[in-house]
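Fold and geometry: a report
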Amino acid sequence: MDLQLPPHEGPELSVVDMHTGGEPLRIIISGYPSVPGDTLLSKRRYVREHLDHLRRVLMFEPRGHYDMYGALLVDSELQDAHLGVLFLHNEGYSTMCGHAVIALGRFALDYKLVKEPQSPETQVNIHCPCGLVKAFVQYSDGQTGTVRFHSVPAFAFATDLTVKVEGYGDVIVDISYGGAFYAFVDAQRFSLDVNKSRTRDLVDAATAVTKAVKAQVKLHHPVSDDLAFLYGTILTDGKDKYSSELTSNVCVFAEAQVDRSPTGSGVTARVALQFHKGQIELNQTRTFQSGATGSQFTGRAVEETKCGDFKAVVVEVSGRAFYTGVSRFVQEAEDELTQGFLLK
């Protein structure tokens, strides 16, 4: 029997689904109207203000789930960019997503967004809201493989800050930027283990930290105020000094959304923080493991740079992404739940 679209009203929403280290990525191929705006950040503001119903349709149940993540391909104003992208999640729109960049690197070659791929590696320039991110995709005999990317300038924003966290008292946190801002705390502060504790307990602790930092710390970014917000909290195993031993973390971002991967932008921010503290040197590669799934990325600082007045580094993160399917979604006018819902 041939698969056909059922009766429906409105546009068909077509997507390619992938995952990187277990973290989903729903790449939106069709169904969105053209997004106006002179810059990628202005396009981000436009979809948030005018097209947010489509984010809910594709990220929320019944087509998605609480922890679904999406990528909307848009035109970039940068001549060097092969593609522009807006990132979608359960709360809204991110400025950077490393696991998505890794997946989009493969996707860009496999779906011919890069016209003449080169072996053994092809560069794909991906314009994210935080800036241009350069991905390097293994390519041989028409097959794509591991992807590494070079981040925008990443920097430690503040270290050893004391914040009052409801239910936990005074907690010392670090804040670092890797395309998005994260708070970092050793999970042992809450008597938790990122590899063994219940996910619910990790989420509760991380969410409490995020809430406290948002209320007590004012962030700023030298490039744009659109980048100056706390994306989430990353709980770590405390193993920050350079070692050949892997180190684990769990990222809780947006509206208590749990990253299944080691978090690409989080690894970027964590490496920048380690470099700032003198715990890692240039070109020392560490392996970062997701406490949620055990999946792994590698990360290393490859270049010193500046971001405004902040001393910064360019971080290289490497991982693998895989395809899980292709879907064509529709909406029926009489479906009262067609706009999506979440169970909290």
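Residues numbered from 1 in each chain as written. Predicted model: local features only at pLDDT ≥ 70, side-chain atom pairs only at ≥ 80, totals over all residues. Heavy atoms only, no water.

1. Focus on the environment of Glu245
Defined as follows: Each helix corresponds to a stretch of at least 4 residues labelled H or I by DSSP, and each strand to a stretch of at least 2 residues labelled E; elements are numbered beginning at the N terminus. The contact rule is simple, with two residues in contact once any of their heavy atoms fall within 4.5 Å.
Here Glu245 lies in the loop between strand E12 (230–236) and strand E13 (247–253). With 32 residues separating them along the chain, Glu245 and Lys277 place their C-alpha atoms 19 Å apart. Sequence-distant contacts of Glu245, that is, excluding residues within four places in its chain, are made with Lys239 and Arg286.

2. A look at the environment of Gln279
We count it as follows: For the exposure calls, accessible area comes from a 1.4 Å probe over protein chains only, and a residue counts as buried if that area is under 20% of its type's maximum, exposed if over 50%, partly exposed in between.
Positionally, Gln279 belongs in the loop between helix H5 (264–276) and strand E15 (286–290). Among the residues examined, Gln279 registers a relative accessible area of 22% and is labelled partly exposed. Put simply, Gln279 and Lys241 are 38 residues apart on the chain and 4.6 Å apart in space, counted from C-alpha to C-alpha.

3. Focus: unusual backbone geometry
Look at the link from Glu61 to Pro62: it is a cis peptide, with omega at 10°. Mapped onto the elements, Pro62 comes out in the loop between helix H2 (52–59) and strand E3 (70–74). Put simply, Ser119 and Pro120 share a cis peptide bond, and its omega is 5°. Its place among the elements puts Pro120 in the loop between helix H3 (98–110) and strand E6 (121–128). Positive phi is not limited to glycine here, since Ala256 has a value of about 60°. Tracing the backbone shows Ala256 in the loop between E13 and strand E14 (257–258). The residue Asn283 is not glycine, and still its phi comes out positive at about 65°.

4. Things to note about helix H1 (residues 40–50)
Among all positions in H1, only Leu40, Leu41, Ser42, Lys43, Arg44 and Val47 are buried. Taken together, the buried residues of H1 touch H2, E3, strand E4 (83–88), strand E5 (93–94) and E6.

5. Points about the pairing of strand E9 (residues 155–165)
In plain terms, the rule: One bridge is not enough; two strands pair if DSSP finds at least two bridges between them.
Here eight bridges tie E9 to strand E10 (residues 169–177), and the two strands are oriented antiparallel to one another. The partner of Val163 across the bridge, within E10, is Val171. Counted between consecutive antiparallel strands, the loop separating E9 from E10 contains three residues, among which Gly167 sits at a positive phi close to 90°.

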